[in-house]
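# Topology and contacts: notes
Here is how the chains run, residue by residue.
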Amino acid sequence: MSESTPSTREVVERFLAAALDPIGETLADLYGDPVVIEMPFAPPGFPPRTETTNAELRARFSGGAAMRTYDKIDGVVIHETTDPEVAIVEYSVHGKRASDGEGFVLSYVNIMTIRDGKIVHSKDHTDPINALRALGMLPRLLEALNKEAAG
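My aim in this report is to walk through the structure given alongside it, one point at a time.

What counts, and where the lines are drawn
Residue positions within a chain follow its written sequence, with the count starting from 1. Owing to the predicted nature of the model, reporting of local features is limited to residues with pLDDT of at least 70; listing and counting of side-chain atom pairs is limited to 80 or more, with chain, interface and lining totals taken over all residues. Neither water nor hydrogens contribute to the side-chain values; these are computed over all heavy atoms in the structure. Per the convention used, a helix needs a DSSP run of H or I reaching at least four residues, while a strand needs a run of E reaching at least two, with both numbered from the N terminus. A radius of gyration in this sense is built from C-alpha atoms; the matching globule rule multiplies 2.2 Å by the number of residues raised to 0.38. For every residue, the accessible area obtained with a 1.4 Å probe (protein chains only) is divided by the maximum for its type, and the residue is called buried under 20%, exposed over 50%, and partly exposed between those limits. Contact between two residues is taken to exist if any of their heavy atoms lie within 4.5 Å; hydrogens are not considered. Counted charges follow a simple rule, with Lys and Arg positive, Asp and Glu negative, and His plus the chain ends left uncounted. Charged groups are reduced to one reference atom each: NZ for lysine, CZ for arginine, CG for aspartic acid, CD for glutamic acid. A carboxyl oxygen of Asp or Glu within 4 Å of a side-chain nitrogen of Lys or Arg is what we treat as a salt bridge.

## Some words on the overall build of the protein chain
For the protein chain, the helix and strand inventory stands at five helices and six strands. For the protein chain, the sequential pattern of α-helices and β-strands runs α-α-β-β-α-β-β-β-β-α-α. Taking 15 Å as the expected radius of gyration for a compact globule of 151 residues, we find that the protein chain reaches 16 Å, a close match to that expectation. Dimensions of the protein chain, computed from C-alpha atoms along their principal axes, come out at roughly 55 × 35 × 25 Å. Within the protein chain, the fraction of its 151 residues that count as buried is 39%. Contacts in the protein chain between residues far apart in sequence, at least 24 positions, make up 52% of those at least 6 positions apart. Looking at charge distribution, the protein chain has the averaged site of its 15 positive side-chain charges lying 4 Å from that of its 23 negative ones.

## Overview of the side chain of Thr 8
As for its position among the elements, Thr 8 is in helix α1 (residues 8-18). In this view, Thr 8 contacts Pro 84, Glu 85, Val 86, Ala 87 and Ile 114; residues no more than four positions away in its chain are not counted.

## Some points on the pattern of salt bridges
Taken as a whole and assessed by the stated rule, the structure comprises nine salt bridges. Put simply, Glu 85 and Arg 115 hold a salt bridge, and the shortest N to O gap is 3.1 Å. Separated by 30 residues along the polypeptide, Glu 85 in the loop between β3 (68-80) and β4 (86-97) and Arg 115 in strand β5 (residues 103-115) bring together distant segments of the chain. A residue is classified by how much of its surface remains accessible, and Glu 85, at 28% relative accessible area, is partly exposed. Among the ionic pairs, Arg 97 bridges to Asp 100, the shortest N-O distance being 3.0 Å.

Structure (structure tokens):
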């Protein structure tokens, strides 16, 4: 790691601060190109693993910003590991759904691999039903479940 490359912990701290960026540009700057994002608890109809470019990630964050606002992050615990490129971060995000102002809290445990100052892999653990409810996307889940049940 060069003198100008931030440590794994510094990138995680920047990630937590950038998560409140309403457009997501600052957050997208922290990810590598490409980046792998895994969501082990992804519900039917949603990919459990995505390898994406930074441009695609920016569009995804921008789309998310149109659906919700984040007000604060709390409950932060950063676990440094024996691998200097890996950190585990626990946190909760408080926000409001854009369509009706309904408040929500989403809790996460993310395992991040950070190389050369960029997040190159993230395994995001959260309650997917609560996340879809927060974003007003439960109808999409129900549609996927119905398709799965129909065969």
